[in-house]
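So you can see what is in the structure, the chains are spelled out below.
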Amino acid sequence: MNCLGLLCCMLEGGASDCVITEEGVAALDLLIGGSTIVSKDVCSVLSLATLPSEVSKSGYSKLSKQFSASSFEVWLKSHMTTSPHGITSLLNGNRDSLAVVYKSDGRGRVLSNTQLAPCRQWCMLIASLSKQTVALQDDKLCCAHIRVQSCRHSYIYVMAPVSCVRVERCVNCTVVLGAVRTAVVVNKCENVTMVAACRSLQISSSSHCKFHLCVSHCPLILGGNSHLMFGPLNTNYHGMEDHMRQCGLNTTTDMWSTPFVVGDYEGGVSEVWKLMPQEMFSLICIPFQGKSVEDESICEVSSPYKEEMERRRKMCTDWFELVEHAKLSNEQAEQLTVVAQTQFKTWLERTGHLRELTTLDPSHLHHMTN
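Our focus in this paragraph is the overall build of the protein chain. When you go through the protein chain residue by residue, the secondary structure sums to 11 helices and 20 strands. Evaluated residue by residue, the protein chain yields a buried proportion of 40% over its 370 residues.

Shown next, in the form of structure tokens:
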């Protein structure tokens, strides 16, 4: 961090007697915090610099209530260190108890500081997963910052109200976010399906990604993107409505269909993004006991997609009625069951859903498809 550059913005007086006011030091709280050896609570820079044991070193004058700029700079630099609650510190942590990991083979990390850090500095790192499914479902994450990075062929479900989420360098993953108070940032991702209710979304350097959104502001498409697809939010789970309320989100203001492209693209906007064709739209069912809400999205789905949902429901209803009225013998019913299960397994393999079921519970998969 360029301390001198920050301090120059707060200097008062001439070159020979530069001072910094208490208000100027207090402004640093936006970027810097600290603590004492006695207490782990995060304190403001001003409160630390005016401690009786520090005033002589920080250049603070009780009479003028100002700091000597040169002394304060030396004092600040001498105490600067890596945040004990940041992502860097998490890399030396252990797997967090709030995350349930299915099909874990030891690779990948799910780390958090929720046991140590103040709630407003909670963060969680989900990194380097491969063919795994992770589920976070704890309301205690309401202020957490989530980072998902370098994951491959994995499924990540965050069924909790969180502060912000950053997803980067992920390939062939599905990320389902219940409610995000501020922003979701997607960077350097490929073939990622993102399902999110959030206040804003930023996308950069990503390709062939699908976004199912309930978003308060127009999604921002920054540089380096191609073949992005946008559709309405397509999931729900028990508690999601409460989580959205906690994050100050509502379903009446939804800008998912009006992305804003920043910068120039040689191939034109059509090469960057498009709306999802209605035949590609389908609901995502949360695959965890007690969480799933079938056959509905928490947001109102616009007409073309609603018609597609109704068409699929009608196909199921017509099929069951056809089987019921066919009056098959027991042998014929068994033959039909075998054919239906075989076709279903083929569909699972073709769409990639078979891999998701395998990462959850292979025994359940055997029961469903054989």
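With that settled, the discussion passes to helix H5 (residues 69–79). Buried within H5 are the following residues: Ala69, Phe72, Glu73, Trp75 and Leu76. In an axial view of H5, the angular spread of the buried residues amounts to 165°, which keeps them on one side of the axis. Exposed side of H5, more than 90 degrees from the buried face: Val74 and Ser78 are the residues found there.

Attention shifts here to the pattern of salt bridges. A complete count under the given rule lists 7 salt bridges for this structure. Two residues, Glu73 and Lys77, come together in a salt bridge whose shortest N-O distance is 3.2 Å. Highlighted residues: Glu73 and Lys77, both in helix H5, separated by 4 residues, approximately one helical turn. Among the ionic pairs, Arg245 bridges to Glu241, the shortest N-O distance being 3.6 Å. With Arg245 and Glu241 both in helix H7 (residues 240–246), this residue pair falls 4 residues apart, about one helical turn. Comparing Arg245 with Glu241 shows no difference in burial state: the two are exposed. Among the charged side chains, a salt-bridge network with shared partners connects Arg147, Arg166 and Glu168.

Here we take up unusual backbone geometry. For Asn172, which is not a glycine, the phi torsion comes out positive at approximately 55°. The class for Asn172 is partly exposed, based on a relative accessible area of 23%. Positioned with a positive phi, His208 is a non-glycine residue whose angle comes to about 55°. Relative to the elements of secondary structure, His208 occurs in the loop between strand S13 (193–204) and strand S14 (210–215).

Take helix H8 (residues 303–326) next. For H8, spanning 24 residues, the distance from its first C-alpha to its last is 34 Å, which sits close to the expected 34 Å at 1.5 Å a residue. Residues Tyr305, Glu308 and Met309 constitute the buried set of H8. In the core, the buried residues of H8 are packed alongside strand S16 (228–232) and strand S19 (273–275). Two residues or fewer past H8, Lys327 is found with a positive phi of approximately 55°.

Our next topic: the nonpolar core. In this structure, Ile126, Ile146, Leu177, Val184, Met194, Phe211 and Phe230 are the most contacted members of the largest nonpolar core, which totals 49 residues. Not counting chain neighbours up to four residues away, the residues in contact with Met194 comprise Val167, Val175, Leu177, Val184, Val186, Lys210, Phe211 and His212. Counting residues in hydrophobic clusters, the runner-up holds 19 residues, among them Tyr155, Ala197, Tyr237 and Ile298.

Let us look at the environment of Glu73. Among the residues examined, Glu73 registers a relative accessible area of 16% and is labelled buried. Considering only alpha carbons, one finds Glu73 and Ser58, 15 residues apart in sequence, at a separation of 7.9 Å.

The next thing to look at is the pairing of S14. Summarising burial for S14: 5 of the 6 residues are buried, a large majority. Note that S14 and S16 share 4 bridges and pair parallel. Bridge pairing in S16 links Lys210 to Met229.

With that settled, the discussion passes to the packing of aromatic side chains. The geometry of an aromatic ring pair is captured by two quantities: the separation of the ring centres and the angle between the planes. Counted according to the given criterion, the structure contains 8 aromatic pairs. By the ring-pair criterion, three or more aromatic residues cluster together here, those being Tyr60, Phe67, Phe72 and Trp75.

Below, the discussion takes up the pairing of strand S9 (residues 145–149). As defined by bridge partners, strand S7 (residues 123–127) adjoins S9 across 5 bridges and the pair is classed as parallel. Directly across from Cys123, in S9, lies its bridge partner His145. Relative to strand S11 (residues 164–168), S9 is paired through 5 bridges, and the arrangement is parallel. Following the sheet pairing, Gln149 is matched in S11 by Glu168.

Taken together, the side chains of Trp319, Phe320 and Leu322 present a nonpolar region at the surface, about 360 Å² in accessible area. Looking at where Trp319 falls in the secondary structure, it is placed in helix H8. Overall, the relative accessible area of 40% leaves Trp319 in the partly exposed class.

About the criteria used
Residues numbered from 1 in each chain as written. Predicted model: local features only at pLDDT ≥ 70, side-chain atom pairs only at ≥ 80, totals over all residues. Heavy atoms only, no water. Helix = DSSP H or I, 4+ residues; strand = E, 2+ residues; numbered from the N terminus. Buried < 20%, exposed > 50% of the residue type's maximum accessible area, 1.4 Å probe, protein only. Arc of directions from axis to C-beta. Salt bridge = Lys/Arg side-chain N within 4 Å of Asp/Glu carboxyl O. Expected span 1.5 Å × (residues − 1). Contact = heavy atoms within 4.5 Å. Core = buried A, V, L, I, M, F, W, Y, C linked by side-chain atoms within 4.5 Å. Pairing = 2+ DSSP bridges. Phe/Tyr/Trp six-rings, centres within 6.5 Å; stacked < 30°, edge-to-face > 60°. Patch = residues over 30% accessible without salt bridge, like charges linked within 9 Å, V, L, I, M, F, W, Y side chains within 5 Å. Areas by Shrake-Rupley, 256 points an atom, 1.4 Å probe, with all protein chains shown as cover.

By themselves these figures say nothing about function.
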